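Structural description and commentary
Take a look at the letters that make up each chain.
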Amino acid sequence: MSKTAEHAGLYGYLASFDLVDEFLVAATRVRDAGYTHWDAHSPFVIHGLDAAMGVKKTVLPYIVFVAGLTGAAVGILLQWWTNAVDYPFLISGKPLFSLPANIPIAFETTILFAAISALVGMLVLNRLPQLYHPLFANRSFKRATDDRFFISIEAVDPLFDPTTTRELLESISGRPIEEIEDQP
Amino acid sequence: MSSMNHHNGMAYWRSLDELEQTAEFREAVGREFPNDDWDRLPPATRRQFLKVMGASLALAGLTACRWPKEEIVPFAHRPEGRTPGVPQRFATSMEIDGVALGMLVTSFDGRPIKAEGNPLHPDSLGALSAVAQAEILQLYDPDRSRRLLLREGGQQYVKDWNEFESLAGGLFSGAGAAVLAGAFSSPTLGALRERFLTAHPEARWYEYEPISRDNEREGTRLVFGSMVRIHPHLGGAEVVACFDADPLFDHPAALRLVREFAAARNPESGTGGRLYVGESGFSLTGVRADHRVAVASSRVPALLAAVANSLVAEHGLELPAAAAGFAGATDHSATDDERHFVDLLAADLMTHRSRSVVLVGPRQAPAVHALAAVLNHALGATGSTITYTADPSPDRPSHLEAISDLARRIQDDEIETLLILGGNPAYDAPADLDFADLLAGVPVSIHLSLYDDETSKLCTWHLPASHSLESWGDGAAWDGTLSLRQPLIEPLYGGRSAIEVLAIAADDGPKSGYELVRESLSGRSGIPISGDFWRRALRDGVVGQSAWETVAPPTDPAGLASAVDGLRELLEVGRPTTEHPELVLVPDAKVFDGRFANNGWLQELPDAITKITWDNALLISPATARDIGVSDSEVASVEARGATLDLPVCVVPGMARNCAAVALGYGRAAAGQVGNGVGVDTYRFRTTAAPGILSGVAIRGTGRSYELATTQDHFAIDTIGFSERNLRVADLVRETSLDAYLENPEIIHEQEHHPPLISLWKDHEYEGEQWGMAIDLNACIGCNACIVACQAENNIPVVGRQQVLNQREMQWIRLDRYFKTAPGVTPDEVDDAEIVFQPMTCVQCENAPCEQVCPVAATQHTTDGLNAMVYNRCIGTRYCSNNCPYKVRRFNFFNYHKDLADTTKMQFNPDVTVRSRGVMEKCTFCVQRIEAVRIAARNDNRPIADGEIMPACAQTCPAEAITFGNLNDRSSDVSRSREEHRSYAALAELNIRPRTHYLARVNNPVDGMPSSVEGAGDHGKESG
Amino acid sequence: MSATTTEPLSYLDNTGDDPTVRARLVVGDNDFHAVTNKVCGIVESPQPRLWWVAFAISSSLTLVLLAMIAYLVTTGIGVWGLMIPVGWGYAIVNFVFWVGIGHAGTLISAILFLLRQRWRTSINRFAEGMTIFAVVCAGVFPGIHVGRVWFAYWLAPIPNQMSMWPNFRSPLLWDVFAVGTYATVSLLFWYMGMIPDLAALRDRAKTKIRYYAYGLLALGWRSSNRHWHRFEFAYLLLAALATPLVLSVHSVVSFDFAVSIMPGWHTTIFPPYFVAGAIFSGFAMVVTLVIPVRRIYGLQEIITKRHLENMAKIMLATGTMVGFAYSTEFFIAWYSGNTYEAFTFMNRAFGPYAWAYWTMVTCNVLVPQVFWMKRFRTNTILLWIASVLINVGMWFERFVIVVSSLSRDYLPTSWGYYRPSIVDILTFVGSFGLFFTLFLLFVRFLPIVGMAEVKGVMPQAHLDRPGHRGHGDYHGDITGTEVLS
């Protein structure tokens, strides 16, 4: 998304909170103000915050489900092709391919594929790893992993206006609003 | 010269594949018998000589049996009728204690790799004993002596044959020369002896063997006035009575006797002789007995006398007048068991006159043999179940007399020069003679021997002997059949045979064994040796129709009288007591008199009864052990005849009360790396007065314990295991009595109760040839021959005592031995037990439990139904072994081939993979033999005939207990034997479908009920 | 803002049984920052002397392990006490032992997570770490116990010079996949849960190295709630996947035995029995480790007595299950009428290996019964001793199953008695060295308590307003609408 000239070099505003309550309320306010490019930062999961922010439910489960099915298929096909097709041998007079004996490994591959997809999917959807981010430049933001809660509104948001946005944030946060530079 | 000879021997071996280099090869041939001075041979002989011996070098004996055609050819041009890589077999023979045993030796590119029996040989009939098969390993033994040694004034000099020859001429002239030979049957050696004695009239000739049948010989002299040789025939015998005798194992013709015995006891044909055995400890014959009583060896005469007594008194048997005294001596101290035994036997002997035979063991005194001969005579056995031939050397004094006389003369400094042909008197002469010390005092003593052994080290000269597989020779079978010996390979270490050395001593000039044998043969048979005759003789290994005439000697009253007196004396001997038990010295089943002590195969071969390897032990019965106060694996100090030895105790049921037995042949000091210090030298107990049976010895426990390396659990284990073992045997090794079997053939299946055996999946269809095996437990006598055959055929390593202690022995065949005692009795209540054998090796299950658990498919099924083991695929998880209910898989815990000598490696069968470290291995029904036959059959585009494939174990089994063949062929022997009522599969209830079935053992006791089991309990209670 | 509902009876004691009172999972007046300080402090401040001593010992034991392995590989399996019939000995016993221990971590993180057992948060990181290290130790043994280690890769379905594939009918191969998957998933789970805490360490970093090292591991985590949202979901999914996995792993391990035909091995009860045993031993090991650690690093307020007590209760439950399994085995052995089976169990109890059997029964069945008494659940010393005994007992359980069954199977002629060699023993001891080395490094460099999660269950994390169910072990979430009302 391209940025308009007036606030070039500005990433956005950062408001901080001390209490979960204020934080939740603030989040709903920002949400209701109609901002889209904003985020809330907390050192731990706050239940209800998703709703307060109006975050849409992630597609991750579907990814994992598909990956799981793939794993199962791979598990079965691997055993069938290697033992019954490519290099069949007679073992204990047993059939070359029989499902029961192949269940355990198929199960394991299912789990393996699904689990890996869960982590990788999460990271990809989160655009992680992203080792640099403008917010990291802010000293006080470091407490986002400790004991403080933040709301950041990005300059790229269509509704973003240096004055109104600042006012909104000041109205909901007891603390001064910080500007976040967007380092080139 | 010696160095060259030495080099020559080695160079030959390194250059097997370099032989294309014609020049070298010719040179090698030129020096073929390196120490011979060619120019002293007449040209004609020499050319023949060159041809034959050259050939025997190049083609390792192959050519010897067709010498007239042979010419020396470089390997560049393949010789006529020979395909490199295709093994060939040659007939030859070996001699133990003066009896020749015929062998067929497989030679692979000039390397003899396996010895099998010669079907044409009367004492072999195609089978071969464990000991004889192990000869191959002895041939390649790196410890064999490689050079002539002269020991003077504490110094030791390396000499060569020329030096010895040049000096030998003068040595034997004049008084004081003597030769000490072993027992021999070789006509050539006999002829040379005459030649020697004519050349040196004053020289003396002695023959000594520690183990012999002299008592039997002497016994016949007492009865018949002249010595005769006894030939039992068990084929037609309805009743066989053995008194301390083991005709099925320690008899020179044992292989033949086993064959007859097994064939005669065929329940399907309803026949079945009855075997009575009275002995001091379990012999293999005793194991198969229908009625067995354990009596001290010193009481065996009384037992036999009681039988005679009962026969005469109760059954009115007529004895010759002079022998009447044999009867009438009643033994009042007899136990109930003994009386019962005597009554049954006497009655049976009477009812089966002329179809019964009484046999007495070699350790019993001549008088006892005399009594047996008289009984056989009176019972009309002579001519039917027993025949006689004249003794080959009737005027030979007994071995003990000979060695004693020699010792006396040495003591009186009458012996200047002593030539010892083979043997090891310094080790095995009777202890009271101090032969070793005496020998050291002889001015010139020459010992011809395979090893620089105890005797050699005391002699001034040591001469390396050539192995019987390296030399020409001949000998006579037990029945006199002339058996020839041809070299399979050039002497590895430049040794020479006894006849060659004796020829030198006889001033007959150094002649080749080849010449000597041909000379004596032509001299004997009178006929000039035509090419055909010689060729056939060599090919067959025997000269047809050359057995001795049987004789029907008349009884000699004078002798009988002295025999009667002799027996009376024996009857005076009281029973052994706990304070003064009896000790019986027995020849070892493996190292024999000690001569095979350096043979790893034999040392590691589990003893049939005790399963002990790498040791000899003091065998006593549980009750005796309790009375004396010693326990299993405790070291007991045994004092007898002035010597005191510490021996580990092995408690084994079936020994007579207060009677102990220990094997001779151990505790060698100079046997070689393998045999040195293994076990205890019990010859120190052995005196001329009491060579076999020592009464009044003292046995004391020392409290120290010594772990015996056994391949199976000991008899005495914890109570739970003991009772469970007793429970399981009945189902694993099934047996019944002949009467019960004939009445209800299904009897052995009645104890099976398990749910129907059905699979979860559709069973695999096995098309085409499907190999299977049937093992007849009624025929198997537990002689261990199959184990050695398998070891030789399949390159099975020897792992040593420590690894056997760790239960890592490698033999693929385990001869399972079970003691059967009455159910519910504890080890403490048992003194006697029945023993059953079950050869156990991979049974090639169709639903093999080992296969399904192998993660890398290293063991899987072949199309012909074998449970194949893919060595190069195995990564060694050992899961297959864990899941094998028979525990017949063997694991290479180390690289057991790492330290093998190059010569030992020459024994390897090139058709079988040598397994590396970390790999599982097991029996595969000798798949290499199956494939060889299959290829041959395919080449001739014909089906494989039944019986054409012979696994090594089946091939060598004297009892023909093992049948192998195609299960899909309804008419094959194996299919038919599996359809017999006696056929069952061990652990069939696991639904693993073993391809090996067993045929139940059928005993033939009088009362029709299996005697021993109930008996055992009773004995126990009485004695316990 | 401090908690206001009924205070626990005494400081540090939150083991009250009054159901109307929600016990607190973090005691003392700790706010978020205090928690961060306590946990990060362990990593940031220099380690106590005790740590160095322990590290010296365990790392040298690790060297012993490596030396033994080198000796084994160069000489052959024969350096162990193995033989025919006992083809599996210490190596497999240790393998099953370590895999079993490796169960607690995933169980705590996954199953207790799904069961909303919030008290898990203080110990799950710790237990997951222990899981990984236990699985590492377990993985060592199957690798080295094969006869030809250099061909062990033939177990994997990758083409080799024989163009052959592994035999997928073999339980050993199931094992390879099960343990492999378990190790991978546990690692993912462990790492993913650690990302926010690594970010915390990053943000507190004083030195550049720490900043970049933890920054790299934290993958640029910026506590964004949009991230938290997917993070939570991924965590939930992983938990849902790990739950059947953790139950399957020891089931599959038990198949190694159950699928065979050996009496004493061929038992359908094995999968549940093994899983129960695994959880049992896993918790025992967690307790064994956590008690000294919370003492040394002053974490009593975060890893509270209640946590220990809960674990003691679980040990009591699983221990009793195991005891039940033992008795069931015996009953079935008799009831089945299978004489081989019957003998195997009589032989276990009264045969040559009776000593091992009764050690097992004492430690696994009798010892946990003391946890009926609260005193033993809450007295850390007694608890610690009991948990150590349980570890011993569980090792012997595997020894009894593997060795005593094999030593006397079908044919009495092949019976034997297995004795471990000194190499066996040193290898086993060495594996503890490896375990503790890894564990100590974990304590030294990584957050051993899941701060983000602990904070999530602290009273301060929840709305404090009338109509709400108060603080502490808090159930149910607030919906956005609720906030608005």
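Reading the values: rules and limits
- Residues numbered from 1 in each chain as written.
- Chains lettered and ligands numbered in written order.
- Predicted model: local features only at pLDDT ≥ 70, side-chain atom pairs only at ≥ 80, totals over all residues.
- Heavy atoms only, no water.
- Helix = DSSP H or I, 4+ residues; strand = E, 2+ residues; numbered from the N terminus.
- Rg over C-alpha atoms; globule rule 2.2 N^0.38 Å.
- Buried < 20%, exposed > 50% of the residue type's maximum accessible area, 1.4 Å probe, protein only.
- Contact = heavy atoms within 4.5 Å.
- Areas by Shrake-Rupley, 256 points an atom, 1.4 Å probe, with all protein chains shown as cover.
- Lys, Arg positive; Asp, Glu negative; His and termini not counted.
- Charge placed at Lys NZ, Arg CZ, Asp CG, Glu CD.
- pLDDT = per-residue confidence, 0-100.
- Buried area = accessible area lost by both parts, 1.4 Å probe.
- Salt bridge = Lys/Arg side-chain N within 4 Å of Asp/Glu carboxyl O.
- 1 Å grid on protein atoms, 1.4 Å probe; cavity = no way out; pocket = protein on both sides within 12 Å on 5 of 7 lines; lining within 4 Å.
- Points joined across faces, edges and corners; volume = space filled by probe spheres on them.
- Nonpolar A, V, L, I, M, F, W, Y, C, P; charged D, E, K, R; others polar.
- Domains from an automatic or database assignment.
- Phe/Tyr/Trp six-rings, centres within 6.5 Å; stacked < 30°, edge-to-face > 60°.
- Lys NZ or Arg CZ within 6 Å of the ring centre and 35° of its normal.
- Pairing = 2+ DSSP bridges.
- Axes fitted to C-alpha atoms, helices over the stretch in contact; angles between N-to-C directions.
- Disulfide = S-S within 2.5 Å.
- Parallel < 35°, antiparallel > 145°, perpendicular 65-115°, else oblique.
- Core = buried A, V, L, I, M, F, W, Y, C linked by side-chain atoms within 4.5 Å.

Attention now moves to the overall build of chain A. For chain A, the helix and strand inventory stands at 5 helices and 4 strands. Going from N to C terminus, chain A has its helices and strands arranged as β-α-β-α-α-α-β-α-β. For 184 residues, the compact-globule estimate of 2.2 N^0.38 gives 16 Å, and the C-alpha radius of gyration of chain A, at 25 Å, exceeds that figure by more than 25%. Evaluated residue by residue, chain A yields a buried proportion of 49% over its 184 residues. Put simply, 78% of the contacts in chain A that link residues at least 6 apart link residues at least 24 apart. Split by element, the accessible area of chain A, about 8,200 Å² in all, is 64% carbon and sulfur. For chain A, the distance from the average site of its 13 positive side-chain charges to the average site of its 20 negative ones is 5 Å.

Moving on: the confidence of the model for chain A. This prediction gives chain A a mean pLDDT of 89; 96% of its residues lie at or above 70. Ranking the helices and strands of chain A by mean pLDDT puts helix 3 (residues 60–86) of chain A first, with 95, and helix 2 (residues 49–53) of chain A last, with 86.

Residues and elements named next belong to chain B. Of note, M810 is situated in the loop between helix 27 (801–805) and strand 31 (814–820). Judged by relative accessible area, M810 falls into the buried class, the value being 0%. For the pair M810 and S280, spaced 530 residues apart in sequence, the C-alpha to C-alpha distance is 32 Å. Sequence-distant contacts of M810, that is, excluding residues within four places in its chain, are made with I796, P797, V799, R890, F891, N892, Y896 and E921.

Okay, the interface of chain B and chain C next. Counting from both sides, the interface comprises 57 residues of chain B and, opposite them, 63 residues of chain C. Together chain B and chain C conceal approximately 4,700 Å² of surface at their shared face, both sides included; 57% is due to carbon and sulfur atoms. Looking at the side of chain B facing chain C, the largest losses of area belong to B:R728, B:R873 and B:R917, adding up to 16% of the total buried there. Where chain B packs against chain C, one counts 2 salt bridges.

Which parts of space are left empty comes out when a probe the size of a water molecule is rolled across the atoms. All names here are of chain B. Counting across every chain of the model gives 19 cavities of 30 Å³ or more. The calculated volume of the largest cavity comes to roughly 1,000 Å³. Going through the elements one at a time, strand 1 (88–96), helix 5 (135–139), strand 6 (177–181), strand 14 (417–421), helix 15 (425–428), strand 15 (444–449), strand 17 (473–476) and helix 18 (498–505) are the ones with two or more residues in the lining of the largest cavity. Per-class residue counts for the lining of the largest cavity are 21 nonpolar, 15 polar and 11 charged. Counting only domains with at least three residues in the lining of the largest cavity, you end up with domain 2 (148–212 + 398–540) and domain 4 (576–705). As a volume, the second largest cavity reaches approximately 150 Å³. R213, E216, I230, L359 and V360 are the residues nearest the centre of the second largest cavity, which is lined by 17 residues in total. Contributions of two or more residues to the lining of the second largest cavity are made by strand 8 (228–232), strand 12 (356–360) and helix 13 (366–378). Here the lining of the second largest cavity takes 4 residues from helix 13, the largest share from any one element. Residues of the lining of the second largest cavity, tallied by class, amount to 10 nonpolar, 3 polar and 4 charged.

Turning our eyes to something else, we now look at the domain arrangement of chain A. Domain boundaries assigned for chain A yield domain 1 (3–56 + 130–181) and domain 2 (60–125). With centres defined by C-alpha atoms, the gap from domain 1 of chain A to domain 2 of chain A works out at 44 Å.

Moving on, we come to the packing of aromatic side chains. Evaluated as defined, the whole model comprises 83 aromatic pairs over all chains. With 6.1 Å between their ring centres and 85° between their planes, C:W88 and C:F257 make a pair best called edge-to-face. On the criterion of sequence distance, the pair formed by C:W88 in the loop between helix 2 (49–75) and helix 3 (90–101) and C:F257 in helix 8 (residues 225–258) is long-range, its members being 169 residues apart. For C:W88, a relative accessible area of 1% corresponds to the buried category. Owing to a relative accessible area of 1%, C:F257 belongs among the buried residues under this scheme. With a centroid separation of 6.0 Å and an interplanar angle of 40°, the aromatic rings of C:F257 and C:F274 are classed as tilted. Highlighted residues: C:F257 in helix 8 and C:F274 in helix 9 (residues 270–296), separated in sequence by 17 residues. When the ring centre of B:F893 is taken as reference, the NZ or CZ atom of B:R808 above it lies at 4.5 Å.

With that settled, the discussion passes to the interface of chain A and chain C. Residue-level contacts link 72 residues of chain A with 68 residues of chain C. Both sides together, the interface formed by chain A and chain C hides about 6,300 Å², and carbon and sulfur atoms give 67% of it. Looking at the side of chain A facing chain C, the largest losses of area belong to A:F44, A:E108 and A:T145, adding up to 10% of the total buried there. Sorting the residues of the side of chain A that touches chain C by element identifies helix 1 (20–33), strand 2 (38–41), helix 2, helix 3 and helix 4 (99–125) of chain A as the ones contributing at least two each. Per element, the largest residue contribution to the side of chain A that touches chain C is 17 residues, and it comes from helix 4 of chain A. By residue class, the composition of the side of chain A that touches chain C is 45 nonpolar, 16 polar and 11 charged.

Let's shift gears to the pattern of salt bridges. Residue and element names in this part refer to chain B. Overall, the coordinates contain 77 salt bridges over all chains when judged by the stated rule. Between R408 and D405 there is a salt bridge, with its nearest N and O atoms 2.8 Å apart. Residue R408 and its partner D405 are both found in helix 14 (residues 399–411); the two are separated by 3 residues, about one turn of the helix. A salt bridge links K511 to E519, with the nearest nitrogen and oxygen atoms 3.0 Å apart. Several salt bridges converge on common partners, so that one network encompasses R193, E194, E207, D214, R217, D391 and R396.

Residue and element names in this part refer to chain B. Spatially, the 3 strands line up as an open sheet ordered 1-2-3, and their pairing is antiparallel. Looking along the sheet, the strands with just one partner apiece sit at the ends: strand 1 and strand 3 (111–117). The sheet shows a mean angle of 40° between the axes of neighbouring strands, taken without regard to direction.

Here we take up the state of the cysteines. By definition, a disulfide links the sulfur atoms of two cysteine residues through a covalent bond. Applying the stated rule across the entire model yields 0 disulfides over all chains. B:C880 provides the cysteine sulfur closest to B:C874, a residue in no disulfide bond, and the two sulfurs are 6.3 Å apart.

Let us now look at the packing of helix 3 of chain C against helix 9 of chain C. Residue and element names in this part refer to chain C. Packing of helix 3 against helix 9 brings their axes to within 7 Å, and their N-to-C directions diverge by 70°. Classified by the interaxial angle, the pair formed by helix 3 and helix 9 is roughly perpendicular. Contacts between helix 3 and helix 9 involve V96, W98, G100 and I101 on the former and, on the latter, F274, A278, S281, G282 and M285. Here the contact of helix 3 with helix 9 is composed, by residue class, of 6 nonpolar, 3 polar and no charged.

Let us now look at the nonpolar core. Counting residues in each nonpolar core, the largest one holds 427 residues, and the members touching the most others are A:I151, B:F243, B:F326, B:L618 and B:Y886. For this core, the element with the most residues is helix 6 (residues 171–204) of chain C, which contributes 18 residues. In contact with A:I151, not counting residues within four places along its chain, are A:Y13, A:L14, A:A15, A:F17, A:F23, A:A26, A:A27, A:V30, A:W38, A:D39, A:A40 and A:L169. If you look at the next biggest cluster of nonpolar residues, it comprises 44 residues, including B:W161, B:L192, B:L463 and B:L521.

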